[in-house]
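Coordinate analysis (summary)
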Amino acid sequence: MSSNTVSRVRRSQFERVARADVERLAAFSTSVIGDALGRRCSLGPSIQPCTTATSFAGPALTIKCSAGDNLAALVALSAIQPGDVLVIACNRSTEAAVAGGNYVALAKSRGAVAVVTDGLIRDCDELDNLSVPVFAAGMTPNGPFKTGSGEIGLPVAVGDAVIAGGDMVVGDRDGVIVVTRCQVREAVEGASVVQAREIATIETNKSGKLPDWLERLIRETPVHDIDEGLAKKLQS
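Residues numbered from 1 in each chain as written. Predicted model: local features only at pLDDT ≥ 70, side-chain atom pairs only at ≥ 80, totals over all residues. Heavy atoms only, no water.

Right, let's talk about the overall build of the protein for a bit. Across its full length, the protein carries nine helices and 14 strands. Along the longest, intermediate and shortest principal axes, the C-alpha atoms of the protein span 85 × 40 × 30 Å. Within the span of the protein, comprising 236 residues, buried residues form 46% of the whole. Pairs at least 24 apart in sequence give 77% of the contacts found in the protein among residues at least 6 apart. (Helix = DSSP H or I, 4+ residues; strand = E, 2+ residues; numbered from the N terminus. Buried < 20%, exposed > 50% of the residue type's maximum accessible area, 1.4 Å probe, protein only. Contact = heavy atoms within 4.5 Å.)

Right under this line is the structure:
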């Protein structure tokens, strides 16, 4: 690779979420963590699971690629640390896949635990065999070029969120959420509370009894019957 090609990619160092915090958050679902953080930390519905394996948690190794190109993603393979989640932004390009079977296999061998992109992927059968969660905007057989510019370790926009290098990324069948480094402790504490409440709710649901908060909400919600005659008949 020529020096001219290498200069196409800018790289920045960053601090990753502590391993202990990753393990704590990995114990919770994305919905529980999301509820603990104000319910607005999802990447959104455009980023969907493309593999049978879906559950993961780890610090983001952020990558920005040019449309139809994955040079920066290839260079980023040398920057992977064990437990990293590769987050590849390509401005939602649909020209070509930014990752496929060979790429994810090598990333896995180097320690990556998942791949998330707002672009496309390919080699779906191979990806399933690798048991590495891959989330993307879709699939295509088109392969990428390897000549474009890009960035590694800098903030990227993926779906509805902005992710900085080292932020915590968690995924499961419900989707992907991001927890900034400064939110991690808050997320762990809040998720513990939400989880306990969810467990209690599951038991209440089995009885069929409306929980107190829901009964109060129903009482306080103005409801207007559009057919008062029918409503009276039903009440008689």
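So, on to the layout of surface pockets. As a volume, the largest pocket reaches approximately 220 Å³. Around the largest pocket, the lining residues are Asp 35, Arg 39, Arg 197, Glu 198, Ala 200, Thr 201, Thr 204, Asn 205, Pro 211 and Trp 213. The leading source of residues in the lining of the largest pocket is helix 7 (residues 184-207), at six residues. Of the residues in the lining of the largest pocket, the class split is three nonpolar, three polar and four charged. The space that makes up the second largest pocket amounts to roughly 160 Å³. (1 Å grid on protein atoms, 1.4 Å probe; cavity = no way out; pocket = protein on both sides within 12 Å on 5 of 7 lines; lining within 4 Å. Points joined across faces, edges and corners; volume = space filled by probe spheres on them. Nonpolar A, V, L, I, M, F, W, Y, C, P; charged D, E, K, R; others polar.)

Scanning the model with the defined rule gives nine salt bridges in all. Residues Asp 21 and Arg 185 are paired through a salt bridge, measuring 3.2 Å at the closest nitrogen-oxygen approach. Linking Asp 21 in helix 2 (residues 19-25) with Arg 185 in helix 7, this pair joins segments that are 164 residues apart in sequence. Take Asp 21: its relative accessible area is 6%, and that puts it in the buried class. Residue Arg 185 is classed as exposed on the basis of its relative accessible area, which comes to 56%. (Salt bridge = Lys/Arg side-chain N within 4 Å of Asp/Glu carboxyl O.)

Attention shifts here to the side chain of Asp 167. Among the structural elements, Asp 167 can be located in the loop between strand 12 (161-163) and strand 13 (168-172). At 2.9 Å, the side chain of Asp 167 and the backbone nitrogen of Ala 164 are in polar contact. A polar side-chain atom of Asp 167 sits 3.2 Å from the main-chain amide nitrogen of Arg 181. Once you skip the residues sitting within four places of it in the chain, Asp 167 turns out to touch Val 17, Gly 58, Pro 59, Ala 60, Val 178, Val 179, Thr 180 and Arg 181. (Polar contact = N/O pair within 3.5 Å; in protein donor to acceptor, adjacent residues only side chain to side chain.)

Scanning all chains against the criterion turns up zero disulfides. Cysteine Cys 41 remains unbridged, with the sulfur of Cys 182 as its closest cysteine sulfur at 12 Å. With no disulfide of its own, Cys 124 lies 6.3 Å from the sulfur of Cys 50, the closest cysteine sulfur. Exposure remark for Cys 124: the relative accessible area of 24% places this residue in the partly exposed category. (Disulfide = S-S within 2.5 Å.)

What follows concerns the packing of aromatic side chains. This structure, assessed with the given rule, holds one aromatic pair. Seen from their ring centres, Phe 56 and Phe 135 are 5.7 Å apart, and the 65° between their planes marks the pair as edge-to-face. Of this pair, Phe 56 sits in strand 3 (residues 56-65) while Phe 135 sits in strand 8 (residues 134-136); the two residues are 79 residues apart in sequence, bridging distant segments of the chain. With respect to burial, Phe 56 and Phe 135 carry one shared label: buried. (Phe/Tyr/Trp six-rings, centres within 6.5 Å; stacked < 30°, edge-to-face > 60°.)

A few words now on the pairing of strand 6 (residues 114-117). Alternating positions in strand 6 separate into two faces, Ala 114 and Val 116 on one and Val 115 and Thr 117 on the other, with burial throughout. Where strand 4 (residues 85-89) and strand 6 come together, four bridges link them in parallel fashion. Counted as the bridge partner of Ile 88 is Thr 117 from strand 6. (Pairing = 2+ DSSP bridges.)

Summarising the element assignment, Thr 117 is placed in strand 6. One polar contact links the side chain of Thr 117 to the main-chain carbonyl oxygen of Ile 88, over a distance of 2.8 Å. Filtering out sequence-adjacent residues up to four positions away, Thr 117 remains in contact with Ile 47, Ile 88, Cys 90, Val 98, Phe 135, Ala 136, Ala 137 and Val 158.

So, on to the environment of Ala 112. Examined against the element boundaries, Ala 112 turns out to sit in the loop between helix 5 (101-109) and strand 6. C-alpha of Ala 112 to C-alpha of Ala 60: the two residues are 52 residues apart in sequence and 9.8 Å apart in space. The contacts of Ala 112, once residues within four sequence positions are left out, are Ile 80, Asp 84, Leu 86 and Ala 107.

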